[in-house]
Amino acid sequence: MLFVCYPKCSTCQKAKAWLQERGVAFDERDIKQDNPTEQELRAWHEKSGLPLKRFFNTSGLQYKALGLKDKLPAMTEDEQYALLATDGMLVKRPLIIGEDFALPGFKVKEWEEKLK
């Protein structure tokens, strides 16, 4: 399993502790140091079954600075993938990626369902 996070993020720290408490084995990846590629984002989005908007860090400084709340609805999916691939700080974190799922953000109930 792949755990994509920003180590300084308190939510990411909570998610990591949650995984460790449950003995879940994972590889950790720093989203700021190793930004997801467009291909990875496409694959994760497909696995998630969620709207692409869920992969944006809507509370992040970058999201707000770029005015994405107003711009995203007019962008194509290809443009959104390309934008997400430019900066890991635009991507919702933490992300947990398994063989057949991908979950952006730390929602305990969703994680419990997938990691049984």
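Notes on the structure in this doc start here. Since we're looking at a predicted model, the values are computed, not measured.

Here we look at the pattern of salt bridges
- Under the definition given, this model contains seven salt bridges.
- Between R29 and E40 there is a salt bridge, with the nearest N and O atoms lying 2.8 Å from each other. A residue pair is termed long-range when its members are at least 10 positions apart, and R29 in strand β2 (residues 27–30) and E40 in helix α2 (residues 38–48) qualify at eleven residues.
- Using a relative accessible area of 10% as the deciding quantity, one classes R29 as buried.
- D78 is the partner of R42 in a salt bridge, and the nearest nitrogen-oxygen pair spans 2.6 Å. Placement of R42 in helix α2 and of D78 in helix α5 (residues 77–84) is noted, with a sequence separation of 36 residues between them.
- Given a relative accessible area of 48%, D78 falls into the partly exposed group.

Analysis parameters
- Residues numbered from 1 in each chain as written.
- Predicted model: local features only at pLDDT ≥ 70, side-chain atom pairs only at ≥ 80, totals over all residues.
- Heavy atoms only, no water.
- Salt bridge = Lys/Arg side-chain N within 4 Å of Asp/Glu carboxyl O.
- Helix = DSSP H or I, 4+ residues; strand = E, 2+ residues; numbered from the N terminus.
- Buried < 20%, exposed > 50% of the residue type's maximum accessible area, 1.4 Å probe, protein only.

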